[in-house]
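# Remarks on the overall topology
Residue-level listing of the chains:
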Amino acid sequence: MMKKKSIPASKPFLILFLCQIISALDVPLDSKLLEELSQPPTITHQSPKDYIVDPRENIVIQCEAKGKPPPSFSWTRNGTHFDIDKDAQVTMKPNSGTLVINIMNGGKAEAYEGVYQCTARNERGAAISNNIVIRPSRSPLWTKEKLEPNQVREGDSLVLHCRPPVGLPPPIIFWMDNAFQRLPQSERVSQGLNGDLYFSNVQPEDTREDYICYARFNHTQTIQQKQPISVKVFSMDSLNDTIAANLSDTDIYGAKPATERQPVLLTPTGSTSTKVELRGNVLLLECIAAGLPTPVIRWIKEGGELPANRTFFENFKKTLKIIDVSEADSGNYKCIARNTLGSVHHVISVTVKAAPYWITAPRNLVLSPGEDGTLICRANGNPKPSISWLANGVPIAIAPEDPSRKVDGDTIIFSHVQERSSAVYQCNASNEYGYLLANAFVNVLAEPPRILTPANKLYQVIADSPALLDCAYFGSPKPEIEWFKGVKGSILRGNEYVFHDNGTLEIPVAQKDSTGTYTCVARNELGKIQNEVHLEIKDPTMIIKQPEYKVVQRYGQVSFECIIKHDSTLLPTVMWLKDNDELPDDERFLVGKDNLTIMNVTDKDDGTYTCIVNTTLDSVSASAVLTVVAAPPTPAIIYARPNPPFDLELTGQLERSIELSWIPGDENNSPITHFVIEYEDGLHEPGVWHYQTEVPGTQTTVQLKLSPYVNYSFRVIAVNKIGRSQPSEPSEQYLTKSASPDENPANVQGIGSEPDNLVITWESLKGFQSNGPGLQYKVSWRQKDVDDEWTSVIVANVSKYIVSGTPTFVPYEIKVQALNDLGYAPEPSEVIGHSGEDLPMVAPGNVQVHVINSTLAKVHWDPVPLKSVRGHLQGYKVYYWKVQSLSRRSRRHVEKKILTFRGNKTFGMLPGLEPYSSYKLNVRVVNGKGEGPASPDKVFKTPEGVPSSPSYLKITNPTLDSLTLEWGSPTHPNGVLTSYILKFQPINNTHELGPLVEIRIPANESSLILKNLNYSTRYKFYFNAQTSVGSGSQITEEAVTIMDEAGILRPAVGAGKAMASRQVDIATQGWFIGLMCAVALLILILLIVCFIRRNKGGKYPVKEKEDAHADPEIQPMKEDDGTFGEYSDAEDHKPLKKGSRTPSDRTVKKEDSDDSLVDYGEGVNGQFNEDGSFIGQYSGKKEKEPAEGNESSEAPSPVNAMNSFV
């Protein structure tokens, strides 16, 4: 049977251009045929539709076309014939339609503005160009304008308008200074799409007099400059200093400094705007905002995402750029400007329209007389474009009639065409945004066959490689191609040949007997032609002695061999490489006919050496590594893998066995331990090698067991301690005779996929297991335990058979037997399968629930009868769900939970239940098909449990002696709340906890004012809820009572029970320590002065009293009058005894204020007389004793600190 396919692109071939002409637009023809075959005109090059020209240069309007005969050209201008012969300034290039309008010699470009169209015509039709609109470019000057200086307050926004002149095409705008340096731009200062320069807020550094807008007109290579703009930025300080005397407060912006401002959009204005863009263009959206600090811009698309890979942000994210837009990009785009004070946004509604674009452009059509064909012109756009047809440049409605032509909307149908039907058709697709124009010709040709491949061409191919013989042809109608071998040979057919659509004959595996002359015959109804080519098959080039790994001592000599075998008619060339590069240019390297010798080896000669043999048809190579070592004291023994065995021979061929022998390769100083024999099945798995057996290394012959119907090849691998050798060359092939199968398929199973079928599956035998051609399977089955006969069917090329109409889930005996053209395999063993399952029919009964505790229950049920399961029993599923909470009486979304119990289990535990709730459950039996009906819903209730912690605890409104507590009820009360328990205790400055107070609060309360607390004291609170079962988990919080308005600590006031207060310990504060040091130093100085004056002044009444004491007390000084007072015992008004400056517990009693040192001791009214003596008596007053020991948490007295210092 003949096979046809396409040649891969990588293979050399000639393309049949008739096929190309039919299937492709504007196909180039063979150069010889171009001189003979007629072809309608085809426009090959034309100027763009919108053609802007430089008014200073000649205008060139291009129009090139090809055809046979060569076309003539004509032009229209603004819809009427343009007679170029009457205009001396206009010429047409020879053999071309290109117009040249001479502007440089007196012509004016403005005089030639208009719409031009070119027509190329020959006897086969007329092609037309697009409408080419010619417009000269314009770069007008800037209009004169008076620019006032811009005086701006620092922080305000500013817009410098550019307003460039209208040019063609529009100019490119940029801002520079007088030194032609671009003005720096940032998030704060940037140029808009309209060319204006925007300042989100001005800064003093923006002051300058040379803001200059430039317009560059690329077409004329000119740059126009606007007059410089002056900007002066005033800060309020400088403004007040310079002009405050001349302006009122309202003139100077209210005389307020630059303040921060919320964002305001400078462009676009308003909250919404619209934008229309065309499909395929670049969409540019812009938002620039004023504000201080400088706003940051962010873009989003409402109801969608910005298109990935096509979205870009420019101008510091103020411009959103989307390339290659499509209709899907339509929508609302929101820009958001934000700073620390707020945000503002603007929504731009984008609509994407589309100029016409091709869906299917018309293609050139080459037909034979009497054939049919179609021209299809399909375009899309927004709005939908209208389609119109022209024939040879004339609307088809008024074109000459053609009976073979019928117009059907966007399609022209041709039926039974004749040579006079040749023409060029134009399709015009247009809407309000543009148009498309395409030319497509219909060329009706009647040509006898022609063969383009040179006659007697010689093809040379290496044996066992593909051979491709070309027969490039042309004809109309399309010729039929046939191949013959030899001049009088029969037509070539069969699987050994592949016939390609382009006429090429492929021989996939060319052998020596493929050599000869091949004849290609092409015929159609107009004639017949043939061509001969010649094929020669060459022997492959081989390296029969490859270079080997070498280890050589430094300064020694080494030689690599490369002995080749090649076809006698091919001239080989041998080239040596070192490390894949040319050999060094060194006379030490000697290249012989079949070897490479290196003299006086050095370390740099280390590397890989490759021998490459090239012929005109093939190339082979082999490599070896050279290792250069220092001369060892004794020769080193090189251990390596063995060389591969060779000279494999097959003898003693029998149906099921054969003898293989071989010659071992060099063992390379490591004895061969064993040989591995592998085989290839060239019939079923060519190219795949399988393990056959292995033999000891002393054995070179083995008897191999064979399977029938296998085309064997063998190879041998030698193994030593170093590793495995390369495989030997394959042995000759040996095809064993066919036989009936020896084995049956494995893994036979019978499992139903539906209630009324049985699916029998098995593992197919591999190719070599078939033992012969025609492998099939005999599938047999019968119902188990029923006196039925076996039912059998024979199938091939499958591993599954479906038995329909079976009862539901009954056992079957199944067997699968292999057979081929020579007979059956041995009787197979039987397996048991089951037909398909169906859903269970009965629900479990007697469902009982035993509630173990508030979160756990146990469910029992009776098993269903096995017959009602109708399948493999997989287990039971318990569905249970919470109906409602008994404490809240509110239903919620029912979330069913499922527990699966495998096997024939009849009970199970339900964990994770919620306390004090009502539940329902049911039980269902499960088989392989699914679940059976549910048992009736069983209702059960869980008892109360302990509640969760209160949802929150807040402590508010701290005062001197009270705190307000507010709390939320527990999220999960798990029962009826009976009360709340509040515990609290104070914390002192060492984080020690005071006595714990407990209060029980009714369950219906949600707040409590706790009074009679210590001021400026930290308390820790523990709060939980209770049900009748017990207390739930607690929530903790800490809070502090405040100090009085003067910031002075007052004595602690008990709150029912004794509680430690946590007061501020000022004795550990840095400022207090510094103050005490200064006071102590001052006291010391005063004591010294007093001592000196007392020694000079003699005795005074007070002095006598002082003399009465052996160790007089040092007296503290009063702050108001500088006098010294004296301490007395708090109980009996007696002076302090010797050594008793402070009480033994180092405490001093404290009155209301910490600010006066006198308040820490007993008050005195005495004063110093003029001579410095003290007058007045020692007096004191009683006060309450402080708490002793560790019971007091009051801070140490400042007096104590002073006494300790002195």
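Being a predicted model, the structure only gives us computed values, none of them experimental.

### Comments concerning the nonpolar core
Ranked by internal contacts, the top residues of the largest apolar core, which has 28 residues, are Ile 59, Ile 61, Trp 75, Ile 101 and Tyr 116. Those elements giving two or more residues to this core turn out to be strand E4 (59-61), strand E5 (63-68), strand E6 (72-77), strand E9 (99-101), strand E10 (114-122) and strand E12 (132-136). No other element matches E10, which puts three residues into this core. Apart from residues no more than four positions distant in its own chain, Tyr 116 is found in contact with Ile 61, Trp 75, Thr 76, Arg 77, Phe 82, Ile 101, Asn 130, Asn 131, Ile 132 and Ile 134. Listed in part, the 22 residues of the second largest apolar core include Tyr 473, Val 533, Leu 535 and Ile 537.

### Notes on a nonpolar patch on the surface
There is a patch of nonpolar side chains on the surface, built from Leu 1081, Leu 1084, Ile 1085, Ile 1088, Val 1089, Phe 1091 and Ile 1092 and spanning about 640 Å² of accessible area. Topologically, Phe 1091 is positioned in helix H5 (residues 1070-1097). Taking relative accessible area as the criterion, Phe 1091 reaches 48% and is therefore assigned partly exposed.

### A look at the sheet that holds strand E86 (residues 1035-1040)
An order of E83-E82-E85-E86 is seen for the four strands of this open sheet, with the pairing classed as antiparallel. Edge strands, defined here as strands with exactly one partner in the open sheet, are strand E83 (997-1002) and E86. On average, each strand axis in the sheet is tilted by 25° relative to the strand beside it, whichever way the strands run. Bridge count between strand E82 (residues 979-987) and E83: six bridges; the pairing is antiparallel.

### Re the sheet that holds strand E46 (residues 516-524)
Read from one edge of the open sheet, four strands run E40-E47-E46-E43, paired in mixed fashion. Where the open sheet ends on each side, the last strands, each with one partner, are strand E40 (457-462) and strand E43 (480-485). Taking each pair of neighbouring strands and ignoring which way they run, the sheet shows an average axis angle of 25°. Relative to strand E47 (residues 527-538), E46 is paired through nine bridges, and the arrangement is antiparallel. Each bridged residue has a counterpart across the sheet, and for Cys 520 the counterpart in E47 is Asn 531.

Thresholds applied
- Residues numbered from 1 in each chain as written.
- Predicted model: local features only at pLDDT ≥ 70, side-chain atom pairs only at ≥ 80, totals over all residues.
- Heavy atoms only, no water.
- Core = buried A, V, L, I, M, F, W, Y, C linked by side-chain atoms within 4.5 Å.
- Buried < 20%, exposed > 50% of the residue type's maximum accessible area, 1.4 Å probe, protein only.
- Helix = DSSP H or I, 4+ residues; strand = E, 2+ residues; numbered from the N terminus.
- Contact = heavy atoms within 4.5 Å.
- Patch = residues over 30% accessible without salt bridge, like charges linked within 9 Å, V, L, I, M, F, W, Y side chains within 5 Å.
- Areas by Shrake-Rupley, 256 points an atom, 1.4 Å probe, with all protein chains shown as cover.
- Salt bridge = Lys/Arg side-chain N within 4 Å of Asp/Glu carboxyl O.
- Pairing = 2+ DSSP bridges.
- Axes fitted to C-alpha atoms, helices over the stretch in contact; angles between N-to-C directions.

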